[in-house]
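Residues per chain are reported as follows:
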Amino acid sequence: MTGRTHDLAAITALGGVAYVAVPHTITLATALIAVLFNQLGGIAPDIDQPTAPLWRNLPEGHIFGKIFDKSVGGHRFLTHSLLGFAIFGLLIHLLLGFLHPIMPHVDTGIVWWSFMIGMLSHLLMDTITKEGVPWLLPIPIKFGLPPIKKLRVSTGKAVETLIIFPGIIALDIWFCADHYQTLVAMIHQRLM
């Protein structure tokens, strides 16, 4: 999937989880940081590409990107597995623990979950592509849905751009329209 599809899928997944399992109250700072980390989680697995936005925006990042790409086994290998998911989870947990003293009004647990939801959405979206995902690494078998590769989506092609991306937007519009009163009440009562 393309970056914009991953971004949209991540925020859609976060919205769905927040609707079902929103905490009693949440600070505005937590909500904003959670959305930021959700979006980072939505693109984090693609850090294994030398052309990833992180590497493009760092001085000499293309060099670091190539080194990182080789060290994790290339695209859609370690960072696209349950093992990679766990490693990212641990690293983000440590980062948030380090940052917590300078963010006293941020619930780092919610932020961590937001990142993980974004990352999981990435892996699920890539599972429906022709390449699949090596969920059970170190077993190097890539899994995809549906199991017949010809029926899966090609990244950046017509099915993604004309059906999946607009379909997620339509789902978001329907969800917001259908649950409008509940969403407004949640924002007024729980966001502080």
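Residues numbered from 1 in each chain as written. Predicted model: local features only at pLDDT ≥ 70, side-chain atom pairs only at ≥ 80, totals over all residues. Heavy atoms only, no water.

Draft legend 1. Seen up close, the overall build of the chain. Regarding its fold elements, the chain presents eight helices and zero strands. N-terminal to C-terminal, the α/β element order of the chain is α-α-α-α-α-α-α-α. Over its C-alpha atoms the chain spans a radius of gyration of 18 Å, differing by no more than 12% from the 16 Å that the globule rule assigns to 192 residues. In terms of overall dimensions, the chain has C-alpha extents of about 45 × 40 × 30 Å along its principal axes. Classification of the 192 residues of the chain by burial places 36% in the buried group. Restricting the contact set of the chain to residue pairs at least 6 apart, pairs at least 24 apart contribute 70%. (Helix = DSSP H or I, 4+ residues; strand = E, 2+ residues; numbered from the N terminus. Rg over C-alpha atoms; globule rule 2.2 N^0.38 Å. Buried < 20%, exposed > 50% of the residue type's maximum accessible area, 1.4 Å probe, protein only. Contact = heavy atoms within 4.5 Å.)

Draft legend 2. Region of the structure containing the nonpolar core. Core analysis: the biggest nonpolar cluster contains 19 residues, and Phe37, Phe88, Leu96, Val111 and Phe115 have the highest contact counts within it. Those elements giving two or more residues to this core turn out to be α2 (28-43), α5 (82-99) and α6 (108-127). In terms of residues, this core owes the most to one element, α6, which gives five residues. Not counting residues up to four positions away in its chain, the partners in contact with leucine 96 are Phe37, Met103, Thr108, Val111 and Trp112. Membership of the second largest hydrophobic core comes to eight residues, among which are Met1, Ala9, Ile164 and Phe165. (Core = buried A, V, L, I, M, F, W, Y, C linked by side-chain atoms within 4.5 Å.)

Draft legend 3. View of the environment of methionine 125. Looking at the secondary structure, you find methionine 125 in helix α6. Residues methionine 125 and leucine 91, spaced 34 residues apart in sequence, show a C-alpha to C-alpha distance of 22 Å. Sequence-distant contacts of methionine 125, defined by excluding residues within four places in its chain, comprise Met1, Thr5, His6, Ala9, Ile164 and Ile168.

Draft legend 4. Quick peek at the confidence of the model for the chain. Confidence along the chain averages 92 in pLDDT terms, with 100% of residues attaining 70 or more. Here helix α3 (residues 53-56) stands out as the element of the chain with the lowest mean pLDDT, 80, in contrast to α6, whose mean of 97 is the highest. (pLDDT = per-residue confidence, 0-100.)

Draft legend 5. Spatial organisation of the side chain of serine 81. You can see serine 81 is positioned in the loop between α4 (61-71) and α5. Of the residues examined, serine 81 reaches a relative accessible area of 0% and is grouped as buried. In terms of polar contacts, serine 81 uses its side chain to reach the backbone amide nitrogen of glycine 84, at 3.0 Å. (Polar contact = N/O pair within 3.5 Å; in protein donor to acceptor, adjacent residues only side chain to side chain.)

Draft legend 6. The arrangement of the packing of α5 against α6 in detail. Orientation of α5 relative to α6, taken along the N-to-C sense of each, is 155 degrees, at an axis distance of 10 Å. Between α5 and α6, the crossing angle belongs to the class labelled roughly antiparallel. Read as a crossing pair, α5 and α6 show a hand that is right-handed. When α5 is examined against α6, the residues Gly84, Phe85, Phe88, Gly89, Ile92, His93 and Leu96 are found in contact with a partner set consisting of Thr108, Val111, Trp112, Phe115, Met116, Met119, Leu120 and Leu123. Among the residues forming the contact of α5 with α6, the class breakdown is eleven nonpolar, four polar and no charged. (Axes fitted to C-alpha atoms, helices over the stretch in contact; angles between N-to-C directions. Parallel < 35°, antiparallel > 145°, perpendicular 65-115°, else oblique. Left-handed = near helix turned anticlockwise from the far one by under 90°. Nonpolar A, V, L, I, M, F, W, Y, C, P; charged D, E, K, R; others polar.)

Draft legend 7. Fine view of the layout of surface pockets. Approximately 910 Å³ is the volume attributed to the largest pocket. Residue lining of the largest pocket: 30 residues in total, with Leu14, Gly15, Ala18, Tyr19 and Met186 positioned closest to the centre. Those elements that provide at least two residues to the lining of the largest pocket are α1 (3-21), α2, α6, α7 (158-178) and α8 (180-190). Examining the composition of the lining of the largest pocket, we find that nine residues originate from one element, α1, more than from any other. Looking at the lining of the largest pocket residue by residue, the classes come out as 23 nonpolar, five polar and two charged. Here the second largest pocket is characterised by a volume of approximately 460 Å³. For the second largest pocket, the lining is made up of 18 residues, of which Leu40, Ile43, Ala44, Ile47 and Leu54 are closest to its centre. Sorting the residues of the lining of the second largest pocket by element identifies α2, α3 and α5 as the ones contributing at least two each. Take the lining of the second largest pocket: its biggest share by element is four residues, from α5. (1 Å grid on protein atoms, 1.4 Å probe; cavity = no way out; pocket = protein on both sides within 12 Å on 5 of 7 lines; lining within 4 Å. Points joined across faces, edges and corners; volume = space filled by probe spheres on them.)

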